[in-house]
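Spelled out from the first residue to the last, the chains are:
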Amino acid sequence: MVLAVLARSVLGVLRMFRVAVAAVLMGCFVAACSTGPSDISAGFNGGSDQASITNINPSAGLGLTSKRSRSDNGTRVAALNDKIPAGTYETAPKGALADRSYGSTRLDPEQALTVINEYRKQNGLKQLKLNAKLTAAAKAHSRDLSKWDRISHYGSDGSNPWDRVKRTGYKPRLAAENVGTGQVSFNEVMRGWKESEGHNKNLLLADASEVGLGLVNDTRTEFKSFWTMVLASRM
């Protein structure tokens, strides 16, 4: 499964983008989520900056949280420390990826950057540079997704990609995020992003200048691998 989101700031105002989901079955549970310009938005505030993302799949009837506890009568109840907005994430069916091996799943940031930049070069775009703050934002989101075993552009604390980039001290003019779960290698997640319109637009953002990458590989989860890419440019 892969997700993409984009936000821009121009004179303190962010352009609004819509998030959508498309499922893909490849002998495992993987899917694509992409963003594009939209007049439909649901707002959230981050101080003086504002960004907007719609529900990933508003019609899916998704629950409040993927991590649940059971009451004495067996009723499933949401974990109280989860602040993710309802309907903004997806989970994997139990055992959907059990037949895939993740023993070799690794992220080499420099190698991944080479792959990304080669693709951008083929499309006449400038090369990206790795940025430690964007990498910190990407890693933090991958850890959070792994903890709750889900895919989303929201964090369990209710944060959105713009929030997480700014928390690192990075002052973005533009920020974009692609997320993937269930892929065994970076080449696999990259292939999925390239084949998805919204993700591909993020990969080919002409105004982006820096990138951060994160991976958590946890075979105890249903999704197994949690990839995050954050692209941005400074104010």
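Anything mentioned here points back to the structure above.
Criteria and thresholds
Residues numbered from 1 in each chain as written. Predicted model: local features only at pLDDT ≥ 70, side-chain atom pairs only at ≥ 80, totals over all residues. Heavy atoms only, no water. Helix = DSSP H or I, 4+ residues; strand = E, 2+ residues; numbered from the N terminus. Contact = heavy atoms within 4.5 Å. Areas by Shrake-Rupley, 256 points an atom, 1.4 Å probe, with all protein chains shown as cover. Salt bridge = Lys/Arg side-chain N within 4 Å of Asp/Glu carboxyl O. Buried < 20%, exposed > 50% of the residue type's maximum accessible area, 1.4 Å probe, protein only.

### With respect to the overall build of the chain
In terms of helices and strands, the chain carries five helices and 14 strands. A sequence separation of at least 24 residues applies to 73% of the contacts in the chain between residues at least 6 apart. Split by element, the accessible area of the chain, about 11100 Å² in all, is 50% carbon and sulfur.

### Some thoughts on the pattern of salt bridges
Inspection of every chain in the model, using the stated rule, returns eight salt bridges. For the salt bridge of Glu 177 with Arg 164, the shortest nitrogen-to-oxygen distance reads 3.0 Å. Of the two residues, Glu 177 sits in strand 12 (residues 172-181) while Arg 164 sits in helix 3 (residues 161-167), which places them 13 residues apart along the sequence. The two residues Glu 177 and Arg 164 agree in class, both being buried. We note a salt bridge from Glu 197 to Lys 201, for which the minimum N-O separation is 3.5 Å. Residue Glu 197 and its partner Lys 201 are located together in helix 5 (residues 197-203), separated by four residues, close to a single helical turn. On the accessibility criterion, Glu 197 (58% relative accessible area) is exposed. The class of Lys 201 is partly exposed, set by a relative accessible area of 41%.

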